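Residues per chain, in single letters:
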Amino acid sequence: MDFNWTQHAAQRASQRGLIETDLQLIMAIGTEVEGGFLVRKRDYLAVEREIKAHLNRLRHLVGKRVVADEGSLITAYHAKPGKTRRLLKRR
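Participant: Teacher, can you tell me more about the overall build of the protein here?
Facilitator: Helices and strands together make up the secondary structure of the protein, namely four helices and four strands. The helix and strand sequence of the protein, counted from the amino end, reads α-α-β-β-α-β-β-α. Relative to the compact-globule value of 12 Å for 91 residues, the protein shows a C-alpha radius of gyration of 22 Å, a clear excess of over 25%. Looking at the 91 residues of the protein, the share that counts as buried comes to 5%. Within the protein, contacts between residues separated by at least 24 positions form 5% of all contacts whose residues are at least 6 apart in sequence.

Participant: I would appreciate a short explanation of the environment of Arg-12 in the present structure.
Facilitator: Counting through the fold element by element, Arg-12 comes out in helix H1 (residues 7-15). Look at Arg-12 and you get partly exposed, because its relative accessible area is 31%. Looking at Arg-12, its side chain comes within polar contact range of the side chain of Gln-15, at 2.7 Å.

Participant: Would you mind going over the pairing of strand S4 (residues 72-78) with me for this structure?
Facilitator: The side chains of a regular strand alternate, first on one face of the sheet and then on the other. Where strand S3 (residues 64-69) meets S4, six bridges bridge the pair, whose relative direction is antiparallel. Within S4, the position partnered with Asp-69 by the bridge is Ser-72. Here S3 hands over to S4 after two residues, with Glu-70 in that stretch at a positive phi of 50 degrees.

Participant: What should I look at first to understand unusual backbone geometry in this one?
Facilitator: Backbone geometry follows two general trends: most residues other than glycine have a negative phi, and most peptide bonds adopt the trans configuration. Phi at Glu-70 is positive, roughly 50 degrees, even though this residue is not glycine. Structurally, Glu-70 is set in the loop between S3 and S4.

Participant: It is not clear to me how a positive patch on the surface should be interpreted in this structure. Could you clarify?
Facilitator: A cluster of basic residues, Arg-85, Arg-86, Lys-89 and Arg-90, forms a positive patch at the surface. For Arg-86, the location among the structural elements is in helix H4 (residues 81-90). We classify Arg-86 as partly exposed; its relative accessible area is 43%.

Participant: Help me understand the side chain of Asp-43 in this model?
Facilitator: By the secondary structure assignment, Asp-43 is in helix H3 (residues 41-60). By relative accessible area, which is 8% here, Asp-43 ends up buried. A distance of 2.9 Å separates the side chain of Asp-43 from the side chain of Thr-31, its partner in a polar contact. If we ignore the near neighbours within four places in the chain, the residues touching Asp-43 are Ile-29, Gly-30, Thr-31 and Leu-38.

The rules behind the values
Residues numbered from 1 in each chain as written. Predicted model: local features only at pLDDT ≥ 70, side-chain atom pairs only at ≥ 80, totals over all residues. Heavy atoms only, no water. Helix = DSSP H or I, 4+ residues; strand = E, 2+ residues; numbered from the N terminus. Rg over C-alpha atoms; globule rule 2.2 N^0.38 Å. Buried < 20%, exposed > 50% of the residue type's maximum accessible area, 1.4 Å probe, protein only. Contact = heavy atoms within 4.5 Å. Polar contact = N/O pair within 3.5 Å; in protein donor to acceptor, adjacent residues only side chain to side chain. Pairing = 2+ DSSP bridges. Patch = residues over 30% accessible without salt bridge, like charges linked within 9 Å, V, L, I, M, F, W, Y side chains within 5 Å. Areas by Shrake-Rupley, 256 points an atom, 1.4 Å probe, with all protein chains shown as cover. Salt bridge = Lys/Arg side-chain N within 4 Å of Asp/Glu carboxyl O. Lys, Arg positive; Asp, Glu negative; His and termini not counted. Charge placed at Lys NZ, Arg CZ, Asp CG, Glu CD.

Okay, structure coming up:
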């Protein structure tokens, strides 16, 4: 969402240590209330759960390799440590 900043809003955000990305996050994860957005603990906890699930999924992918050629996926597997070292040396 793109908003035009009033001088008052810029001054108040600055005084309160809020940067533009903070305000974008508030509007993205917060609950819409009369005249704006409010980040509740429930909103924060929901995002925290999503991030943790994403991190767990990423951890599961460590060491996995996808082989692709000219836009086609050939295979996928868990690379052994020796293979990983060789691949990283050749890049």
